[in-house]
Amino acid sequence: MTNRLAETKSLYLRKHAENPIDWWPWCDEALATAKTENKPIFLSIGYSSCHWCTVMEGEAFSDSAIADYMNANFLPIKVDREERPDLDSIYMQALQMMSGQGGWPLNAFLSPDDLVPFYAGTYFPLEPRYGRPGFLQVLQALRRYYDTEKEDLRDRKASIIESLLTSAVLQDGAADELQDNQLLRHGWETTTGIITPKPSGNSFPMIPYAELALRGTRFNFASQYDGKQVCTQRGLELALGGIYDHVGGGFHRYTVDPTWTVPHFEKMLYDNGQILEYLASLWSAGVKEPAFVRAVAGTVQWLQREMTAPEGYFYAAQDADSFFNSTAVEPEEGAFYVWSYSELEQLLTLEELTELQQQFTVTPNGNFEGKNVLQRRHAGELSQKLEVALGKLFTARYGAPPDSLATFPPARDNLEAKTTNWPGRIPSVTDTKMIVAWNSLMISGLARAAGVFRQPLYLELAAKAANFILDNQFVDGRFQRLNYGGEATVLAQSEDYAFFIKALLDLSQVSLDSNQRTFWLEKAVTLQEEFAEFLWSVELGGYYNTSSDNSQDLIVRERSYVDNATPSANGIAIANLVRLALLTDNLHYLDLAEQGLKAFRSVMSSAPQACPSLFTALDWYRNSTLIRSTIEQITSLIPKYLPTSALAVAARLPENSIGLVCQGLKCLAPAESVEQMLQQVQQIQVRV
């Protein structure tokens, strides 16, 4: 028997449809029922490719004793964080306040009258282990606390809501040119330190940090860090490490070690889009590493083959877990990706296996539960012989050689994965929903890679996805965040607006057709108007996470400024405003950018480690450059690393000149040669 979640569109929610727990989706009826029955709300937030979310679903949420107690004493609500990042952000912040750390699944207990959390945690085991109490014990203790400790409950909630409100209303700071220069340098130094290799812990891509570190290298700041070396090292860790799928392409979420060897195997669209953009930028900045080109090309091939809908948009994610065979009861982490040594011996010739071991971390004992995750030992190009060997592994995994497999259909749930007659291994489940923000990050990555590597296919894929969003994601004149099988739903949030506006600007910048450049720019301007109308904070500056007419169920209205796996919405949005000012000559955008930076100046000063994207926006604001030239000259400039430059086709230029370079509100002398124009650009871009 299924519960209410069986009727939802979210893959993550439907995974819990057969739990004995009487789950509700987040809705007005659920909140009203909890209030009427005076039941504390058990709010559980996760996402479809989250490993520990899957574990908890199969353990605690499938247990009849826990379900009986939960249904009698709590109002259980399930939320897909990818549908409602605004809710996830608020309650994740509360979890971090209470425990000092966050993660998913995010499980919070809310008072039904005001939705303020009074306790929160992540994974709760079925029975006591890992130093954690069993879940039933937790439920019993918290229900007892809710019923008997009313005064302490009030005090606890008051403290939490005060902290949430304080963090939502930041003290702004006055702009000062000297302060800006020092602030940008401090932000770069902090960020570069963060992505410097560490001897322990997990390894995450952290692309917003790497992006700021790379753009700061042009200043040649006196520093304890060699910024270019640090940024190059991050690119090598990504392109050579086990985080990259060297057989099928695409990047996994992170690795569980400091050596970038064993990944947590899910593949998220947002990581892959950002990494494409970063590797392309590294190449354009002069780091001509062949492994970058291979990783970019392989990721685009994976995107086309497994992550692109027939309509042109991109799917959201692929699970970490998959089934070893059709009789397996539970999926296993990494099953689709890892190789036993005996398999490699069977699939490859002795000569191929020997070279594979020379170039990759392959041993009889393996590096992951007795099996091998492929990690490259050396940079540079792989031999043709080794590429053939990797093609054999591809064929074993997918059931067809790479040059004959244009598309590979997604397994949309575990049942489909187990019952389909796959020609190779059983693949991981793919979450096929379309998320505007994540598609936008991939569009930007493809656009940048198209310009740097001069690959028209990359631009074609990006444009098709952007056009799908423009054609399908507006309902009654309002921008929508999600699309499930052709149905647009859920009002867009700040990251959807900000990332898609950036994607449109990125497409405009690399398009070689003047009409196409104008089309993308005009669409960006139109969407920016809606963004400002519904999400701009007139009182505080910056953009709220949610629109003014869609925030009634939130205990606090936040303005996202912290970078996590994705950039902060406000960091991207403020940089967009500077770019729009350059490309439209509308100085109102520049005024808004200044207000936005002022709004977040205090957090940039006190916690630079939290907000690299705001420092990227500050770089745009302080060092913005407009280059007006002919389409021929712009074509030659597109592959170059010009991190704070916007390119515009000039209607006409002064006699004997090839371009105009403008900084702020003034232009330099007309450039009469490419060399002179580039020299002017280099000087302007290091004004700090």
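Here the structure is a predicted model, which means the values were calculated and not measured.

**Q** Which residues make up helix H18 (residues 456-472), and what values go with them?
**A** For H18, which comprises 17 residues, the first-to-last C-alpha distance of 24 Å matches the rise-based estimate of 24 Å (1.5 Å per residue) to within 8%. Buried within H18 are the following residues: Tyr458, Leu461, Ala462, Ala463, Ala465, Ala466, Phe468, Ile469 and Leu470.

**Q** Before we move on, could you go through the state of the cysteines and cite the residues and values that matter?
**A** Summed over the entire model, instances satisfying the criterion amount to two disulfides. Here Cys50 engages in a disulfide with Cys53; their sulfurs sit 2.3 Å apart. With the S-S dihedral at roughly 80 degrees, the linkage between Cys50 and Cys53 falls on the right-handed side. Exposure class is identical for Cys50 and Cys53. Each is buried.

**Q** Pulling in residues and values, what's your account of the packing of helix H5 (residues 85-99) against helix H7 (residues 150-168)?
**A** Taken N-terminus to C-terminus, the directions of H5 and H7 make an angle of 120 degrees; their axes are 11 Å apart at the nearest point. For the pair H5 and H7, the crossing hand works out as right-handed. In this structure, H5 contributes Ile90, Gln93, Ala94, Met97 and Met98 to the contact, and H7 contributes Arg156, Ile160, Ser163, Leu164 and Ser167. By residue class, the composition of the contact of H5 with H7 is six nonpolar, three polar and one charged.

**Q** Summarise the sheet that holds strand S18 (residues 645-649); cite the residues concerned and give the values.
**A** Overall, mixed pairing links the four strands, which are arranged S18-S17-S19-S20 in an open sheet. Where the open sheet ends on each side, the last strands, each with one partner, are S18 and strand S20 (666-667). As defined by bridge partners, strand S19 (residues 659-663) adjoins S20 across two bridges and the pair is classed as antiparallel. Across the sheet, Gln663 pairs through a bridge with Lys666, a residue of S20. This element, helix H25 (residues 674-684), spans strand S17 (625-629), S18 and S19 of the sheet and lies at about 10 degrees to S19.

**Q** Give me a negative patch on the surface: which residues, what numbers.
**A** The grouping of Glu149, Glu151, Asp152 and Asp155 at the surface amounts to a negative patch. The topology assignment puts Asp155 in helix H7.

**Q** Explain the packing of aromatic side chains to me, and be specific about the residues and the numbers.
**A** All chains considered together, the criterion is met by 36 aromatic pairs. Between Phe42 and Phe61 the ring centres are 6.1 Å apart and the planes differ by 65 degrees, which places this aromatic pair in the edge-to-face class. Note that Phe42 is positioned in strand S2 (residues 41-46) and Phe61 in the loop between helix H3 (51-58) and helix H4 (64-73), a separation of 19 residues in sequence. Just as Phe42 is buried, Phe61 falls in that class too. Chaining the aromatic ring pairs together yields one cluster made of Trp23, Phe42, Phe61, Phe74, Phe109, Tyr119, Phe124 and Phe135. Here Arg397 stacks its cationic end above the ring of Phe336, 5.2 Å away from the centre of that ring.

**Q** Please provide a residue-by-residue account of the domain arrangement of the chain, values included.
**A** Parsing the chain into structural domains produces domain 1 (4-169), domain 2 (217-250 + 258-307 + 317-431), domain 3 (434-622) and domain 4 (624-687). Between the C-alpha centres of domain 1 and domain 2 there is a distance of 35 Å. Taken together, the two surfaces of domain 1 and domain 2 that pack against each other cover about 850 Å², and 46% of this comes from carbon and sulfur. Area buried by domain 1 at its contact with domain 2 is led by Leu11, Ser49 and His51, which between them contribute 58% of it. The partner of Asp319 in a salt bridge is Lys15, and the shortest N-O contact between them spans 3.1 Å. Where domain 1 touches domain 2, the interface holds three residue pairs in polar contact (both at pLDDT 80 or more).

Criteria and cut-off values
Residues numbered from 1 in each chain as written. Predicted model: local features only at pLDDT ≥ 70, side-chain atom pairs only at ≥ 80, totals over all residues. Heavy atoms only, no water. Helix = DSSP H or I, 4+ residues; strand = E, 2+ residues; numbered from the N terminus. Expected span 1.5 Å × (residues − 1). Buried < 20%, exposed > 50% of the residue type's maximum accessible area, 1.4 Å probe, protein only. Disulfide = S-S within 2.5 Å. Axes fitted to C-alpha atoms, helices over the stretch in contact; angles between N-to-C directions. Left-handed = near helix turned anticlockwise from the far one by under 90°. Contact = heavy atoms within 4.5 Å. Nonpolar A, V, L, I, M, F, W, Y, C, P; charged D, E, K, R; others polar. Pairing = 2+ DSSP bridges. Patch = residues over 30% accessible without salt bridge, like charges linked within 9 Å, V, L, I, M, F, W, Y side chains within 5 Å. Areas by Shrake-Rupley, 256 points an atom, 1.4 Å probe, with all protein chains shown as cover. Salt bridge = Lys/Arg side-chain N within 4 Å of Asp/Glu carboxyl O. Lys, Arg positive; Asp, Glu negative; His and termini not counted. Charge placed at Lys NZ, Arg CZ, Asp CG, Glu CD. Phe/Tyr/Trp six-rings, centres within 6.5 Å; stacked < 30°, edge-to-face > 60°. Lys NZ or Arg CZ within 6 Å of the ring centre and 35° of its normal. Domains from an automatic or database assignment. Buried area = accessible area lost by both parts, 1.4 Å probe. Polar contact = N/O pair within 3.5 Å; in protein donor to acceptor, adjacent residues only side chain to side chain.

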